[in-house]
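Residue strings, one per chain:
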Amino acid sequence: MTDFEESGRPVTLYVYDLTQGLARQFSRELLGIYLDAVYHTSVVIGNSEFYYGQGIQVSVPGQTHHGEPMETVFMGSTTLPDDTIMEYLESMKSIYSPEAYDLFMHNCNNFSNDFCMFLTGKNIPAHITSLPQDVLNTPFGHMLRSQIEEAMRPITTAPTVNPAMHISPPTHGAAQAGARSPVKVVKSMAQFEQVMDSAKNSSAVVFFTSATCPPCRVIYPVFEQKAKELDGKAIFVKVDVGEARDVGSIYSISATPTFMTFSKGEKIEEWKGAGKGELESNINMLMNITYPAHPHTKHNLPITFSMPMTAITYSKVPPLDKVRTKLGAIANNPAVSSMIRFLQERQSQGAREAPLPDLSVWAAYIQESTTSMEKGTLFPVVDIFRATLADTRVSGWIAEEHNHKTISALLHLVSDAPKAGAEPVPYALRLVTLQALCNLFSTPLAPVVLCTAPFTSMLIQAITSSLLDTAHVATRASASSLAFNLATYIQKQRSTQNQEVLEGAELVELFVGILEGVEREKEDAGGLKALLLAGLLVVYCVPQGAEVLDVIDTLGAGEVVKAKGRSEIGRRLKVGGLCEEIGRVLS
């Protein structure tokens, strides 16, 4: 992240007139109402202008096919890093797809509104978002809707012009390909040492090149492709010895291309030439040295890996009329009524037709309610919150909220140890809170937050304590789903980023709680399968010497799981094959 990012980057709304002034001249005559413009908007951060038309598009600011904006509106600042922003936009592609575009109901202004809400917590000006409905409320607007949309579609959904390669302003020494290039380009010894230090626990492949080297240009695409394939496992470094003379001198580079490989800081191999086979062979050898095959990988697990590995969410909307009745006067609170209306629109018309309300107001209401409202009354409020979190726009905003106060409030409901004389958490409230936590996994941004202190220990406590609820199958099932969602993230980071997201003691606590849940479960087949998969995923290919491996041996976890599958309960719940496979890995 650049220093500019850390201090906050301005977020600007670009406002265009799709009619180039014609709306001002003819709108009253054609529609009976005056229109200043037919608005198209986009959101500008750094060197990128984001807008919706042919899907989510990005161009150099001010260089789209819409020309110069008629107005720019400062929306605030964001400290979110580029990776987080791009991950959020990736999660929004299903809502803002090319096929979903509708000039009146689901357009660029809806996208800009959602994106600004995520970045700054603010809605774009209401006169922009309300314009389509204002037009449709006129007799001629309603009658001419199809003709207007047909005339505008070539403009609103045109291909991207002058695509932007990155968000952040380029800094000295940045890679030419932009912030998302998989290859690190260094131009000094200080930069080289910094990059190599970041690879001290993994591996690095260094490509020494020069501007006058034709073979270097031939082999570079292969080098860059390997960098993409091994992202997270190896750092690929490009050094132009004509610019970084000090690096070339220290490493005695006499010809280009020259390659070097390093494993955990130790030099492994050096060779010269642009042979593709030699490059790939030496990189494969580097991977085998740095990441020797884990004993877990020798097991054939066809049943296990045929199971769905996507996050389990609870998106069913409660009967909102009954919820209103149960809430009474609370339902008239603007924060609550706006979210009920959002759910109604989302349920009847789909996510793309449901504009986001002010999420900062809703988040503040949730935070205040969890501490001030009686537990019995709080249940329908949290149930509304659960349903809204199934929308990636809401879960993404909550995940990136400043100080994460709403996530903290949610976790406190189900993770705090009961105090003497305190009111226990009612079953219904615990259930919907666990399901709300599951729905946070609808965005890839939330697990990153949940796996940081102090939330990790709270999350594990919520899971393990809820698995002990012998009276309520649904509570255990929801806790099993939450354990599974957390486990899939742990496994993803381990396998793709070579990263352990939990400390040793936390991983042990989670695994022991899951294993105890497996032993205890007698009724719910779905919950038991989720727990079995969670137990495997949290330890699969864990680094040799990890504390949890000793715990697995001490507890005889493999035999415990096998015995579960062979028991009368295992046969009845049809988990025998799954238990045998997982038991072998844990033995």
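Quantities reported herein were computed from a predicted structural model and do not represent experimental measurements.

## Some thoughts on the overall build of the chain
- Helices and strands together make up the secondary structure of the chain, namely 28 helices and 10 strands.
- Buried positions account for 53% of the 587 residues belonging to the chain.
- Of the roughly 26000 Å² that the chain leaves accessible, carbon and sulfur atoms contribute 53%.

## Focus: the sheet that holds strand β1 (residues 9–17)
- An order of β4-β3-β2-β1-β5 is seen for the 5 strands of this open sheet, with the pairing classed as antiparallel. Of all the strands in the sheet, just β4 (55–59) and β5 (71–78) have a single pairing partner and so form its edges. Recorded for the sheet is a direction-independent mean angle of 25 degrees between the axes of neighbouring strands.
- As paired elements, strand β2 (residues 39–45) and strand β3 (residues 48–53) share 3 bridges and run antiparallel to each other. Paired with V44 across the two strands is E49, which belongs to β3.
- Relative to β2, helix α4 (residues 108–120) is tilted by about 30 degrees, and along the sheet it contacts β1, β2, β3, β4 and β5.

## A short note on the pattern of salt bridges
- For the coordinates displayed, the defined rule picks out 17 salt bridges.
- The closest approach of N and O atoms between R494 and E500, which form a salt bridge, is 2.6 Å.
- Owing to a relative accessible area of 7%, R494 belongs among the buried residues under this scheme.
- Note on E500: relative accessible area 32%, which makes it partly exposed.

## Considerations on the sheet that holds strand β6 (residues 183–186)
- Pairing within the open sheet is mixed, and its 5 strands lie in the order β6-β8-β7-β9-β10. For this open sheet the edge positions go to β6 and β10 (266–272), each flanked by a neighbour on one side alone. Each neighbouring strand pair of the sheet contributes to a mean axis angle of 20 degrees, computed without reference to strand direction.
- For strand β7 (residues 203–209) and strand β8 (residues 235–240), the ladder comprises 6 bridges, and the chain directions are parallel.

## Details of the packing of aromatic side chains
- Here the structure, examined in full by the defined rule, presents 20 aromatic pairs.
- When the ring of Y88 is compared with that of F118, the centres are 3.7 Å apart and the planes differ by 0 degrees; the resulting orientation is stacked. One end of the pair, Y88, is in helix α3 (residues 82–92); the other, F118, is in helix α4, with 30 residues separating them in the sequence.
- Arranged with centres 4.7 Å apart and planes meeting at 10 degrees, the rings of F207 and F259 form a pair that is stacked. Of this pair, F207 sits in strand β7 while F259 sits in strand β9 (residues 258–263), and the two are 52 residues apart along the sequence. Comparing F207 with F259 shows no difference in burial state: the two are buried.
- Ring pairing ties together the aromatic residues F50, Y52, Y88, Y96, Y101, F111, F115 and F118, which thus form one cluster.
- One cation-aromatic arrangement involves K233 over Y291; the distance from NZ or CZ to the ring centre is 5.7 Å.

## What to know about the state of the cysteines
- Summed over the entire model, instances satisfying the criterion amount to 1 disulfide.
- With its sulfur 2.3 Å from that of its partner, C213 forms a disulfide with C216. Across the S-S bond linking C213 and C216, the dihedral sits near 80 degrees, which makes this disulfide right-handed. For the pair C213 and C216, a shared accessibility class is recorded, and that class is buried.

## A few points about helix α25 (residues 547–555)
- Within α25, burial applies to V548, L549, V551 and I552. What you see down the axis of α25 is that its buried residues fit within an arc of 160 degrees, all on one side. Turned more than 90 degrees from where α25 packs its buried face, D550, D553 and T554 sit exposed.
- With its phi angle positive at about 60 degrees, G556 sits one or two positions after the end of α25.

## Here we look at the nonpolar core
- Counting 135 residues, the largest nonpolar core has F115 and W362 as the members making the most contacts within it.
- Sorting elements by how many residues they give to this core places helix α24 (residues 525–539) first, with 10 residues.
- Not counting residues within four places of it along the chain, the set of residues in contact with F115 comprises V43, I45, F50, I85, Y88 and L89.

## Let's talk about the environment of E506
- Mapping E506 onto the fold places it in helix α23 (residues 504–520).
- As a C-alpha pair, E506 and I460 span 46 residues in sequence and 7.8 Å in three-dimensional space.
- Other than its neighbours up to four places away in sequence, E506 contacts T456, S457 and I460.

## Concerning the packing of helix α16 (residues 375–389) against helix α19 (residues 427–439)
- Closest axis-to-axis distance for the α16/α19 pair is 9 Å, and the angle between their directions is 20 degrees. One way to sum up the angle between α16 and α19 is to call them roughly parallel. The chirality of how α16 crosses α19 is left-handed. Contacts from K375, L378, F379, V382, D383, R386 and L389 in α16 reach A428, L429, V432, T433, Q435, A436 and N439 in α19.
- Classifying every residue of the contact of α16 with α19 gives 8 nonpolar, 3 polar and 3 charged.

## Here we look at the side chain of N485
- Relative to the helices and strands, N485 resides in helix α22 (residues 473–497).
- The class of N485 is buried, set by a relative accessible area of 0%.
- When sequence neighbours within four positions are dropped, the list of residues in contact with N485 reads A311, I312, C438 and F441.

## Topic: the packing of α3 against α4
- Look at α3 against α4: their axes get within 12 Å of each other, and the N-to-C directions meet at 145 degrees. The way α3 lies across α4 gives a crossing that is right-handed. Here α3 contributes T84, I85, Y88, L89 and M92 to the contact with α4, which in turn contributes F111, D114, F115, F118 and L119.
- Each residue belonging to the contact of α3 with α4 can be placed in one class, and the counts come to 8 nonpolar, 1 polar and 1 charged.

## Points about the side chain of H40
- By the secondary structure assignment, H40 is in strand β2.
- Excluding anything up to four places from it in sequence, H40 contacts Y14, V15, Y16, L18, Y51, Y52, H66, C108 and N109.

## Some details on helix α17 (residues 392–399)
- The element α17 is largely enclosed, with a buried count of 8 among its 8 residues.
- Listing the buried residues of α17 in full gives T392, R393, V394, S395, G396, W397, I398 and A399.
- Its side-chain oxygen 2.8 Å from the backbone nitrogen of R393, D391 forms the N-cap of α17.

## Considering the confidence of the model for the chain
- For the chain, per-residue confidence averages 86 on the pLDDT scale, and residues scoring 70 or more make up 87% of the total.
- This model gives residues 1–6 a pLDDT under 50, and the stretch forms 12 contacts once residues within four places in sequence are excluded.
- In the model, residues 169–179 has pLDDT below 50 throughout and makes 15 contacts with residues more than four positions away in sequence or in other chains.

About the criteria used
- Residues numbered from 1 in each chain as written.
- Predicted model: local features only at pLDDT ≥ 70, side-chain atom pairs only at ≥ 80, totals over all residues.
- Heavy atoms only, no water.
- Helix = DSSP H or I, 4+ residues; strand = E, 2+ residues; numbered from the N terminus.
- Buried < 20%, exposed > 50% of the residue type's maximum accessible area, 1.4 Å probe, protein only.
- Areas by Shrake-Rupley, 256 points an atom, 1.4 Å probe, with all protein chains shown as cover.
- Pairing = 2+ DSSP bridges.
- Axes fitted to C-alpha atoms, helices over the stretch in contact; angles between N-to-C directions.
- Contact = heavy atoms within 4.5 Å.
- Salt bridge = Lys/Arg side-chain N within 4 Å of Asp/Glu carboxyl O.
- Phe/Tyr/Trp six-rings, centres within 6.5 Å; stacked < 30°, edge-to-face > 60°.
- Lys NZ or Arg CZ within 6 Å of the ring centre and 35° of its normal.
- Disulfide = S-S within 2.5 Å.
- Arc of directions from axis to C-beta.
- Core = buried A, V, L, I, M, F, W, Y, C linked by side-chain atoms within 4.5 Å.
- Parallel < 35°, antiparallel > 145°, perpendicular 65-115°, else oblique.
- Left-handed = near helix turned anticlockwise from the far one by under 90°.
- Nonpolar A, V, L, I, M, F, W, Y, C, P; charged D, E, K, R; others polar.
- Polar contact = N/O pair within 3.5 Å; in protein donor to acceptor, adjacent residues only side chain to side chain.
- pLDDT = per-residue confidence, 0-100.

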